[in-house]
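# Residue-level structural notes
Chain by chain, the residues:
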Amino acid sequence: MKNRKDLEEEKKYLVEKFGLFMEGQEKLSPIGARIFATLFINKENGATFDDLVHFLGASKSTISTNLQSLTKSNMIVYFTKPGDRKKYYTLSPVGFISRIEEKIADYKTEHFLVEQILEYKKTANGIIKEEDQQYGSNQETPYLDYLSNTVRLLEQLRDQIKAKCPITN
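Starting from 1, residues in each chain are numbered consecutively following that chain's sequence as written. For a predicted model such as this one, the threshold for reporting local features is a pLDDT of at least 70, and the threshold for listing and counting side-chain atom pairs is 80 or more; totals across whole chains, interfaces and linings nevertheless cover every residue. Heavy atoms from the whole structure form the basis of all side-chain values; hydrogens and water molecules are not counted.

On to unusual backbone geometry, then. For K27, which is not a glycine, the phi torsion comes out positive at approximately 55 degrees. Counting from the N terminus, the helices are DSSP H or I runs at least four residues long and the strands are E runs at least two residues long. Note that K27 resides in the loop between helix 1 (4–26) and helix 2 (30–41). With phi around 65 degrees, N74 is a residue other than glycine that occupies positive phi space.

Below, the structure written as structure tokens:
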């Protein structure tokens with residue numbers, strides 16, 4: 001069984017790894033990505049400004065600037081608790097839906113472009129003599145299936161999240 005110190009070290013490791021991923025994936029600043037990762041781990045309870053300053057070891061101004069940026073981009077929100085003047089930051093379901101919508105749009109665009117390429121190949125293969133065909137057979141059909149299925153699954157996920165989180169409607 002892990003003790004508190006081991007759990008804290010594991011949390012720091014996971015925040016760093018997920019933070020690095022989010023830097024590249026969402027083009028976040030290094031501290032912004034670490035804030036996002038920390039809030040992902042703490043999403044049920046949220047985290048206060050002071051919690052983030054202490055855990056991430058960054059300056060108050062750096063944390064503040066990044067919280068403002070993440071809030072403005074709808075990736076995080078804050079809530080308050082009765083009798084407590086502190087803000088508790090957590091991930092925003094609206095931001096998550098927005099990320100899913102972006103992915104859906106990307107996959108739909110890719111699907112459309114692959115269909116255009118396949119149509120071009122059919123035309124090109126019809127014009128070029130059979131022995132000179134350089135464009136091959138229709139091997140992209142499984143790829144189109146992958147794109148279609150990914151869009152369908154992402155749309156289902158988006159709809160499930162919207163149904164569970166009334167704030168996203």
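Before going further, it helps to examine the packing of aromatic side chains. What counts as a ring pair is set by centres within 6.5 Å for rings of Phe, Tyr and Trp (its six-membered ring), and what kind of pair is set by the plane angle: stacked under 30 degrees, edge-to-face over 60, tilted for all other angles. Summed over the entire model, instances satisfying the criterion amount to seven aromatic pairs. Ring centres of Y107 and Y146 lie 6.2 Å apart, and the angle between their planes is 85 degrees; on these two criteria the pair is classed as edge-to-face. Linking Y107 in helix 5 (residues 93–127) with Y146 in helix 6 (residues 141–164), this pair joins segments that are 39 residues apart in sequence. Type-normalised accessible area, obtained with a 1.4 Å probe on protein chains alone, sets the label of each residue: buried when under 20%, exposed when over 50%, and partly exposed for intermediate values. Relative accessible area serves as the criterion here: at 40%, Y146 is assigned to the partly exposed category. Members of the aromatic cluster, connected to one another through ring pairs, are F18, F21, F36 and F40. Lysine NZ or arginine CZ positioned within 6 Å of the ring centre and within 35 degrees of the ring normal marks a charge as sitting over the ring. Stacked on the ring of F55, the Lys or Arg K11 has its end atom at 4.8 Å from the ring centre. One residue, K81, lies across the ring of Y88, its end atom 4.1 Å from the ring centre.

Note on placement: R99 falls in helix 5. Look at R99 and you get buried, because its relative accessible area is 18%. Definition of a polar contact: a pair of N or O atoms within 3.5 Å, with one able to donate and the other able to accept a hydrogen when the atoms are protein atoms, and with sequence-neighbouring residues admitted only if both atoms are side-chain atoms. A polar contact of 2.9 Å, which involves the side chain of R99, links it to the side chain of E26. Excluding its chain neighbours within four sequence positions, the residues that come into contact with R99 are M22, Q25, E26, F36 and M75. Two residues qualify as a contact provided that any one of their heavy atoms is within 4.5 Å of a heavy atom in the partner residue.

What follows covers helix 2. Its twelve residues place the ends of helix 2 17 Å apart at the C-alpha level, agreeing with the 16 Å of an ideal helix rising 1.5 Å per residue. Three or more residues of helix 2 are buried, namely G32, A33, R34, I35, F36, A37, T38 and L39. To estimate the expected span of a helix, subtract one from its residue number and multiply by 1.5 Å.

Bear in mind that shape data such as this cannot, by itself, settle questions of function.
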